[in-house]
Amino acid sequence: MNFTPLKYIYKSSGNPNAYTLLLLHGTGGDEADLIPLAENFGKSYNILSLRGNVDENGMPRFFKRLGMGIFDEDDLRFRTDEMVTFIKELAVKEGFNPDTIIALGYSNGANIAGAMLVQYPDFLAGAILYRPMQPYKVLPAQGTQKQVPVFFSAGKMDVTVSHSATDAYVANLEKLGFEVDYQKMPTGHNLIQQDVILSAEWLKKLVAV
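Residues numbered from 1 in each chain as written. Predicted model: local features only at pLDDT ≥ 70, side-chain atom pairs only at ≥ 80, totals over all residues. Heavy atoms only, no water.

### As for the pairing of strand β11 (residues 179–185)
Reasoning step 1: With seven bridges connecting them, strand β10 (residues 149–155) and β11 associate as parallel partners. Within β11, the position partnered with S153 by the bridge is Q183.
Reasoning step 2: Chirality of the crossover, the property in question, places the unit of β10, helix α4 (residues 163–175) and β11 among those that are right-handed. (Pairing = 2+ DSSP bridges. Helix = DSSP H or I, 4+ residues; strand = E, 2+ residues; numbered from the N terminus. Right-handed = clockwise from strand over helix to strand, strands pointing away.)

Right under this line is the structure:
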């Protein structure tokens, strides 16, 4: 396949076997966007932050869409394959452990992180999904064999996706064997401090296991 490398920032913790936080921005963001947020999780993690390869009217995205909330699923599959291949190659180049990657994505970034979960169900060691939507109308039948943990936060006043669709997405992930910590925040599509506090607590428990 004709994959294109992604622009990225990598910050080593000094420990090649440490967990690596894979930061995936929202529409219009870039590889620098989520680094300040990741600093709330402490300094023991490697940081890998990517920029999406798709340009939508000057706004970086991780995959194409056909309209608001309508994904180009063929492109999403391609971009997910492209990203996983890139990360595996980058793990060798930068010297981090590909088995200890935890994705942290917001909005569009959370959506491609969700695609990674269902296309490569045992690739990630965990995922933090802020304001995600189900990536595919029909999810693959094959799930995780490792009970991969997922922190999932939705906004109670978020008009981007229906509450019933969000609830169904969580249920579908659980059917695939993911251990989902589902949190509903008193806000819309934007992130609030509670997202960061709760996900940081979740991550601390995860890496302590």
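### Digging into the nonpolar core
Reasoning step 1: Ranked by internal contacts, the top residues of the largest apolar core, which has 44 residues, are L22, L24, L50, M83, I87, L129 and F152.
Reasoning step 2: When residues of this core are traced back to their parent elements, those giving at least two are β2 (20–24), β3 (46–50), α2 (73–94), β8 (101–106), α3 (108–119), β9 (126–130), β10 and α4.
Reasoning step 3: I47, L104, V196 and L203 belong to the second largest nonpolar core, which has 20 residues in total. (Core = buried A, V, L, I, M, F, W, Y, C linked by side-chain atoms within 4.5 Å. Buried < 20%, exposed > 50% of the residue type's maximum accessible area, 1.4 Å probe, protein only.)

### Thoughts on the environment of F62
Reasoning step 1: You can see F62 is positioned in the loop between β5 (59–61) and β6 (65–67).
Reasoning step 2: Separated by 21 residues in sequence, F62 and M83 have C-alpha atoms that sit 9.1 Å apart.
Reasoning step 3: For F62, the contacting residues outside a window of four places in its chain are L6, L24, H25, L50, R51, G52, V54, R79, M83, N108, G109 and I112. (Contact = heavy atoms within 4.5 Å.)

### Observations regarding the UniProt feature "domain: Phospholipase/carboxylesterase/thioesterase" (unreviewed entry) in the chain
Reasoning step 1: The UniProt record annotates "domain: Phospholipase/carboxylesterase/thioesterase" (unreviewed entry) at residues 12–205.
Reasoning step 2: This span, residues 12–205, is 33% helix and 24% strand, and a straight line between its end C-alpha atoms measures 22 Å. (UniProt positions renumbered as here; feature names shortened; annotations may be inferred.)

### Focus on unusual backbone geometry
Reasoning step 1: Look at N57: it is not a glycine, yet its phi comes out positive at around 55 degrees.
Reasoning step 2: Summarising the element assignment, N57 is placed in the loop between β4 (54–56) and β5.
Reasoning step 3: Within the chain, Q147 stands out as a residue other than glycine whose phi angle is a positive 50 degrees.
Reasoning step 4: Mapped onto the elements of the fold, Q147 is located in the loop between β9 and β10.

### Some remarks on the side chain of N108
Reasoning step 1: Looking at the secondary structure, you find N108 in helix α3.
Reasoning step 2: Judged by its relative accessible area of 1%, N108 is buried.
Reasoning step 3: Once you skip the residues sitting within four places of it in the chain, N108 turns out to touch H25, G26, T27, R61, F62 and F63.

### Considerations on α3
Since there are 3.6 residues in each turn of an α-helix, residues three or four apart along the chain are aligned in direction.
Reasoning step 1: Taking 1.5 Å of rise per residue, 12 residues should cover 16 Å, and α3 covers 16 Å from first to last C-alpha, within 8% of that figure.
Reasoning step 2: Taking burial as the measure, the 12 residues of α3 include 11 buried ones, the bulk of the element.
Reasoning step 3: Here α3 has its buried residues at N108, G109, A110, N111, I112, A113, G114, A115, M116, L117 and V118. (Expected span 1.5 Å × (residues − 1).)

### Focus on the pattern of salt bridges
Reasoning step 1: All chains considered together, the criterion is met by nine salt bridges.
Reasoning step 2: When the shortest N-O distance is used, the salt bridge between E56 and R65 registers 2.7 Å. (Salt bridge = Lys/Arg side-chain N within 4 Å of Asp/Glu carboxyl O.)

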